[in-house]
Amino acid sequence: MTDREVLAQLDAPLLILDDLGTEKLTDWAAEKLDTLIDHRYIKGLPLVVTRNVPEAQLSPRIASRLQDRRLGKVVTLSGPDYRVQGEANRGAGSPF
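Since the structure is predicted, the reported quantities are computational estimates derived from the model, not experimental observations.

### Comments concerning the layout of surface pockets
Okay, so step 1: A volume near 880 Å³ is recorded for the largest pocket.
Okay, so step 2: Forming the walls of the largest pocket are 27 residues, and the residues nearest its centre are V49, T50, K73, V74 and V75.
Okay, so step 3: Breaking the lining of the largest pocket down by element, the ones donating at least two residues are α2 (27-43), β2 (47-49) and α3 (60-67).
Okay, so step 4: Split into classes, the residues belonging to the lining of the largest pocket amount to 12 nonpolar, 8 polar and 7 charged.
Okay, so step 5: Reported here for the second largest pocket is a volume of approximately 210 Å³.
Okay, so step 6: For the second largest pocket, the lining is made up of 15 residues, of which M1, L17, A29, L33 and L36 are closest to its centre.
Okay, so step 7: Broken down by secondary-structure element, the contributors of at least two residues to the lining of the second largest pocket are α1 (3-9), β1 (15-17) and α2.
Okay, so step 8: In terms of residue count, α2 provides more of the lining of the second largest pocket than any other element does, 5 residues in total.
Okay, so step 9: Among the residues making up the lining of the second largest pocket, the classes are represented as 10 nonpolar, 1 polar and 4 charged.

### Observations regarding the pattern of salt bridges
Okay, so step 1: Tallied over the entire structure, the rule returns 6 salt bridges.
Okay, so step 2: Among the ionic pairs, K32 bridges to E31, the shortest N-O distance being 3.8 Å.
Okay, so step 3: Look at K32 and you get buried, because its relative accessible area is 16%.
Okay, so step 4: Where D38 meets R61, a salt bridge forms, and the shortest distance between an N and an O atom there is 2.9 Å. Taken together, the residues D38 in helix α2 and R61 in helix α3 connect sequence positions 23 residues apart.
Okay, so step 5: Here D38 falls in the buried class, since its relative accessible area comes to 12%.
Okay, so step 6: Residues joined by salt bridges that share partners form a network here, namely D34, D38, R61 and R65.

### Considerations on the nonpolar core
Side chains of a nonpolar character, in soluble globular proteins, are inclined to be buried together.
Okay, so step 1: Counting 12 residues, the largest nonpolar core is built from V6, L10, L15, L17, L20, L33, L36, I37, V53, L58, I62 and A63.
Okay, so step 2: Broken down by secondary-structure element, the contributors of at least two residues to this core are β1, α2 and α3.
Okay, so step 3: Broken down by element, the residue count for this core peaks at 3 residues, all from α2.
Okay, so step 4: Dropping the residues within four chain positions of it, I62 is found in contact with L20, L33, D34 and I37.

The rules behind the values
- Residues numbered from 1 in each chain as written.
- Predicted model: local features only at pLDDT ≥ 70, side-chain atom pairs only at ≥ 80, totals over all residues.
- Heavy atoms only, no water.
- 1 Å grid on protein atoms, 1.4 Å probe; cavity = no way out; pocket = protein on both sides within 12 Å on 5 of 7 lines; lining within 4 Å.
- Points joined across faces, edges and corners; volume = space filled by probe spheres on them.
- Helix = DSSP H or I, 4+ residues; strand = E, 2+ residues; numbered from the N terminus.
- Nonpolar A, V, L, I, M, F, W, Y, C, P; charged D, E, K, R; others polar.
- Salt bridge = Lys/Arg side-chain N within 4 Å of Asp/Glu carboxyl O.
- Buried < 20%, exposed > 50% of the residue type's maximum accessible area, 1.4 Å probe, protein only.
- Core = buried A, V, L, I, M, F, W, Y, C linked by side-chain atoms within 4.5 Å.
- Contact = heavy atoms within 4.5 Å.

What follows is the structure in C-alpha cells.
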C-alpha cells in the first residue's frame, strides 16, 4: 500500500480493519495505521475493528482510541475458533 492509497482511506464512509494486531508492522505501516485510526477518531468517522489479540499487544495510542466509550462501542464475541475447528474436520466430510 502506498501513501496515496492510505490517504484515500482516511475519509472512507466506513473503514474495517480485520485481525488488528496480528500483523508484523514495519515502522512505516505502524505510522500509517496510527494516522488512519487517529484521523477517524478525531473526525468521528465509523471504524470497525476485529482482533484476536489482547489489548496489551496493541500500541497504547491505538488501544486508547479503540476503547474510548464516548465515540464507540466495544463488542466482545466469544466462541470456538472455527479456523482451527475446520482444520480438524477436514477429511471428515466437512466442506469447512
